[in-house]
Amino acid sequence: MNRTSVRVFLSRAAGGYMFLATMLALMLLLVIASGLFVKAYPILKQSSLWSLLTGAVWAPIRGFFGFLPFISGTLWVTGIAIVLALPVSLLTGIYLSEYAPSSVRKIAFSALDILSGIPPVVYGAWGVLVVVPFIAEWVAPYFVEYSSGYSVLSAGIVLGIMIIPLLVSLFGEVFSTVPKEIRDSALSLGATSWQTTKKVVLKSSLPGIFAATVLAISRALGETIAVLMVCGNVVQIPASLLDAGYPLPALIANNYGEMASLPGYEAALMLAALILLGIVIVFNTLSRILLLRIGRKYALQP
Amino acid sequence: MIATSLSSVLLREEVSAPLELLHAPNMDAATLKVRNLNVHIGEQSILRDVHVHIPSHKITCIIGPSGCGKSTLLKTFNRLLETQPGARITGELLLNGENIYREGVEVIDVRKRMGLLSQRPCPLPMSVYENIAFGCRLHGTRGRRKVMRKVVHYLQATGLWDEVRDRLHTPASRLSIGQQQRLCLARGLAVEPEIILADEATSALDPISSRIIEDLFLRLRQQYTIIMVTHTLSQAVRIADHVIFMYLGRVVEEGPASEVLHHPKHKLTQEYLSGSFS
Amino acid sequence: MRLKLLEQKIFRILMIGASCLVLGVLLMIVYALLRRGLPALSWEMITTVPGGGFYLGKEGGLLNAIVGSLMIMAGATILSLALSVPVVMFLNLYLDKTSRLAYLVRLSFDVLLGVPSIVYGAFGFMVMVFLGLRASLTGGMIVVSLLIFPIMARAMDEVAAMFPKEMKEATLSLGATKFEMVRVVLRQIAPGIATACLLSVGRAIGDAAAVLFTAGYTDSIPTSPGQPAATLPLAIFFQLSSPVPQVQDRAYAAALILTIIVLVLSVLSRWFAHKYQKNKVS
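Residues numbered from 1 in each chain as written. Chains lettered and ligands numbered in written order. Predicted model: local features only at pLDDT ≥ 70, side-chain atom pairs only at ≥ 80, totals over all residues. Heavy atoms only, no water.

Describing the interface of chain B and chain C
- Between chain B and chain C, the contact holds 23 residues from the first and 19 residues from the second.
- Of the roughly 2100 Å² buried between chain B and chain C, counting both surfaces, carbon and sulfur atoms make up 65%.
- When residues of chain B are sorted by the area they lose upon contact with chain C, Pro125, Phe134 and Leu138 of chain B head the list and together hold 25% of the total.
- For the pair chain B and chain C, the interface holds 2 salt bridges.
- With its nearest N and O atoms 3.2 Å apart, the salt bridge here joins Glu169 of chain C to Lys75 of chain B.
- Counting only elements with at least two residues in the side of chain B that touches chain C, the list comes to helix H3 (107-112), strand E6 (114-117), helix H4 (128-138) and helix H7 (177-190) of chain B. (Contact = heavy atoms within 4.5 Å. Buried area = accessible area lost by both parts, 1.4 Å probe. Salt bridge = Lys/Arg side-chain N within 4 Å of Asp/Glu carboxyl O. Helix = DSSP H or I, 4+ residues; strand = E, 2+ residues; numbered from the N terminus.)

Structural notes on the packing of aromatic side chains
- Counted under the stated rule, the structure contains 18 aromatic pairs over all chains.
- Where Phe65 of chain A meets Tyr265 of chain A, the ring centres are 6.3 Å apart and the plane angle is 45°; that geometry is what we call tilted. With Phe65 of chain A in strand E2 (residues 64-65) and Tyr265 of chain A in helix H12 (residues 265-300), the pair connects residues that are 200 residues apart, well separated along the chain. The pair formed by Phe65 of chain A and Tyr265 of chain A is uniform in burial state, with each residue classed as buried.
- Every member of this aromatic cluster is reached through a ring pair, and the members are Trp58, Phe65, Phe67, Phe70, Tyr246 and Tyr265 of chain A.
- Positioned above the aromatic ring of Tyr101 of chain B, the side-chain terminus of Arg79 of chain B is 5.2 Å from the ring centre. (Phe/Tyr/Trp six-rings, centres within 6.5 Å; stacked < 30°, edge-to-face > 60°. Buried < 20%, exposed > 50% of the residue type's maximum accessible area, 1.4 Å probe, protein only. Lys NZ or Arg CZ within 6 Å of the ring centre and 35° of its normal.)

Digging into the nonpolar core
- One finds Phe67 of chain A together with Phe77 of chain B to be the most contacted residues of the largest nonpolar core, which totals 228 residues.
- No other element matches helix H6 (residues 152-176) of chain A, which puts 15 residues into this core.
- Ranked by size, the runner-up nonpolar core spans 48 residues in total, among them Ala172, Ala198, Phe217 and Tyr272 of chain B. (Core = buried A, V, L, I, M, F, W, Y, C linked by side-chain atoms within 4.5 Å.)

Focus: the packing of helix H6 (residues 137-160) of chain C against helix H8 (residues 178-204) of chain C
Residues and elements named next belong to chain C.
- Following both chains from N to C, one finds H6 and H8 inclined at 150°, their axes separated by 9 Å at the closest point. Viewed along their axes, H6 and H8 adopt a mutual orientation that is roughly antiparallel. In the crossing of H6 with H8, the sense of the turn from one axis to the other is right-handed. Residues Val144, Leu147, Ile148, Ile151, Met152, Ala155, Met156, Val159 and Ala160 of H6 touch H8, and the partners they reach there are Ile189, Gly192, Ile193, Ala196, Cys197, Leu199, Ser200, Arg203 and Ala204.
- A breakdown of the residues in the contact of H6 with H8 according to their chemical character gives 15 nonpolar, 2 polar and 1 charged. (Axes fitted to C-alpha atoms, helices over the stretch in contact; angles between N-to-C directions. Parallel < 35°, antiparallel > 145°, perpendicular 65-115°, else oblique. Left-handed = near helix turned anticlockwise from the far one by under 90°. Nonpolar A, V, L, I, M, F, W, Y, C, P; charged D, E, K, R; others polar.)

Section: the sheet that holds strand E1 (residues 32-41) of chain B
Residue and element names in this part refer to chain B.
- As summarised here, the arrangement of the 4 strands in space is E2-E1-E4-E5, forming an open sheet in which the pairing is antiparallel. Each edge of the open sheet is held by one strand with a lone partner, namely strand E2 (44-54) and strand E5 (98-99).
- As paired elements, E1 and strand E4 (residues 87-95) share 8 bridges and run antiparallel to each other. Its bridge partner being in E4, Leu32 is matched across the sheet by Leu95. (Pairing = 2+ DSSP bridges.)

Concerning the interface of chain C and chain A
- Chain C puts 75 residues into the contact, and the matching count from chain A is 75 residues.
- Carbon and sulfur atoms supply 80% of the area buried between chain C and chain A, which totals about 6700 Å² over both sides.
- Counting across the interface, chain C meets chain A through 3 salt bridges.
- A salt bridge links Asp113 of chain A to Arg270 of chain C, with the shortest nitrogen-to-oxygen separation between them at 2.7 Å.
- Here chain C is connected to chain A by 11 residue pairs in polar contact (both at pLDDT 80 or more).
- Elements that contribute at least two residues to the side of chain C that touches chain A include exactly helix H1 (2-40), helix H3 (63-94), helix H4 (100-114), helix H5 (117-131), H6, H8, helix H9 (232-240) and helix H10 (245-279) of chain C.
- Ranked by residue count, the leading element in the side of chain C that touches chain A is H1 of chain C, at 21 residues.
- Split by residue class, the side of chain C that touches chain A holds 58 nonpolar, 8 polar and 9 charged. (Polar contact = N/O pair within 3.5 Å; in protein donor to acceptor, adjacent residues only side chain to side chain.)

Quick notes on the domain arrangement of chain A
Residues and elements named next belong to chain A.
- Domain annotation of chain A identifies domain 1 (3-39) and domain 2 (53-300).
- When each unit is reduced to the centre of its C-alpha atoms, the spacing between domain 1 and domain 2 is 35 Å.
- Facing the 6 residues of domain 1 at the interface are 7 residues of domain 2.
- Of the roughly 570 Å² buried between domain 1 and domain 2, counting both surfaces, carbon and sulfur atoms make up 83%.
- For the domain 1 face of the interface with domain 2, the top three residues by lost area are Leu29, Leu36 and Lys39, together amounting to 78%.
- Counting across the domain 1 and domain 2 interface gives 1 salt bridge. (Domains from an automatic or database assignment.)

Here's the deal with the sheet that holds strand E8 (residues 225-229) of chain B
Residue and element names in this part refer to chain B.
- An order of E6-E7-E8-E3-E9-E10 is seen for the 6 strands of this open sheet, with the pairing classed as mixed. Looking along the sheet, the strands with just one partner apiece sit at the ends: E6 and strand E10 (250-256). Taken pair by pair, the neighbouring strands of this sheet meet at an average axis angle of 15°, ignoring direction.
- Pairing geometry for E6 and strand E7 (residues 195-199), over 4 bridges, is parallel. By the bridge assignment for E7, Met114 is matched with Ile195.

So, in structure tokens, the structure goes:
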């Protein structure tokens, strides 16, 4: 073999290796999903997915695995977080990308960067230190006789704060895809700047806002440690904001150590992980494709 | 003014210095014949029925209005065009009688035989030394001393040695743009090609630097076949031995510079040379 | 007309209010951390491992967790680089920009990026059980490398996509094969790779859910890859659930340390990104 063919062979071999690595990366998702499925299969064989998802009784010792308390806990916490974070992020996002002077923008973006950098466990610690006592002492007394403060509301507040930086930065990106000419033409027609924002910018970025929100929801669904620290971890279907809840990720995190001891328990936890993965994949793919589309649509315009 | 006269003095010195090469390319070789070349990118036809014959040891200038396919033609010579998505190339390109588009010809061998000098100098993200050593090592030069010898030699050949001898290990991006282009030329020569391809290689340079490159080409012509795309007619007049005039993807006229530039036969060539369009 | 202006005014106030709220929350978090954590922070905290009565509030520090976290991050970064560099090079050098496969792979990065760390943790633990591994340094490294792979690959892919076409042509013209071009690309995007590493480590070092079952916890510094390793987020988590106030204070001090590490990483990654912008050969 001469030098050239050695080099060509090397390049092909390296390409083959890189292709394998790429395939491995591509299969990763599939491997995770199918691994979880195989482990969760025993419980799926026992009872139907539907009865598992809608069952309200969670008694591993007696073999009852109803996921409804955890699913509703997840929905409560995520719902509160989005309801709190969405208006704040939207207003902040509009202000920063449309109105704020650049000095304010600089400060605000550094603040958001720091917020997004703070580890979840630190948010959890802060929640325990500040949010939980606040709820217990200042909010709960008006509504119920007693609350420890460890509640879906506390978890929602902490989680809401955690997703604000993500939402604001996504909104900023979405607004930046609105062409400047459209804004200018609205302004030149005599609209006030807020009207322009409302009728032009917000309206044309509605799909983007939706996609960004979906992405933030999927991020919030999987948040584990910060939520676990403040949500109370009581197996029940929360009836009010001040009730304790028990979201899916917390279920997995809290029970991992002991799971091997009970039949079906491991399978149930793996099913919880699989459900989480499924929801997140659907939400993520949806919003990513939507965001890509939006980007492309605007990219085509000169 | 002073700078100009100074540089011309320097240049005269350089021109008078003999330019020896470490390798001796075959003196009769390095002709390029293009037969029936057609290029499409996507649905668009870029080159149509191109037939040219590029003589060895001459400077061939490809001229024509922008968008006529000059650069595309140049990029088919070292098979760079095929890296572009959607490019389809048919026809024959004979390098010393051997079709380089034939099945079984290794593209890296073809490219090694032709050095490309692009429009803007594009040094690799390495030191001055590494920029030249990179190509040498690819093609089998091993050992520090051998590599160093080549680096020094080609830096001297392009008149860059005295300017960069104490900066060999600084990033190449720190050189001036004219020096960068000469470094790129040295880098191309160091892989010991037979043909030099230049794609408007002086258009990004100041007049002095372009003059230096032009003079280098005039000297290098003894060892290499040089093909350059240019849109400055005055440059073609100064250095071309052989001229190809292209228009809308076709070769309109081809021949010795004295004929094409001074006694063009085709009406389009006459109009282009008289400046009615560009 | 009046109404229009009134509406504008109200929304302006709301927008500024929302922005101030975000800023205020940050200040509150920082203030709370400093107030509880700063008094407990000492030289001993970051230079010693836990002593005998550490979990009752006696002497000792968190060196075990700091070193454990850093070891896991270092290992995970290397593992993740070993996978993401070939993938990114394949996407950018061997595939066209319009390739369906490349689109699919990039979409899968995006989806992987959204997978919660607890799912990576659960999956990793499952694999470890399957392989008969205990919670250990190795386990933590593998799971964290899964967690940071999509972050790293995406960040790297973004800078690799900016590799100039002219440089690609210049390299090919020298007669280089695609594989030989990898060296040039890596040189060009080296600061971008550094940014990608710092970015992903910054994200992963604070994550507790991934290492919860896979790395274990121990009071000593691991000396072999098979031993369990303590991590900072778990140190915070466990100490916070202690009833002893001094131990809780230490949790806030540890939170402070972790936050500072993350912020330093983020500043460093920004600095590298900036440097990259400056040195870019265009």
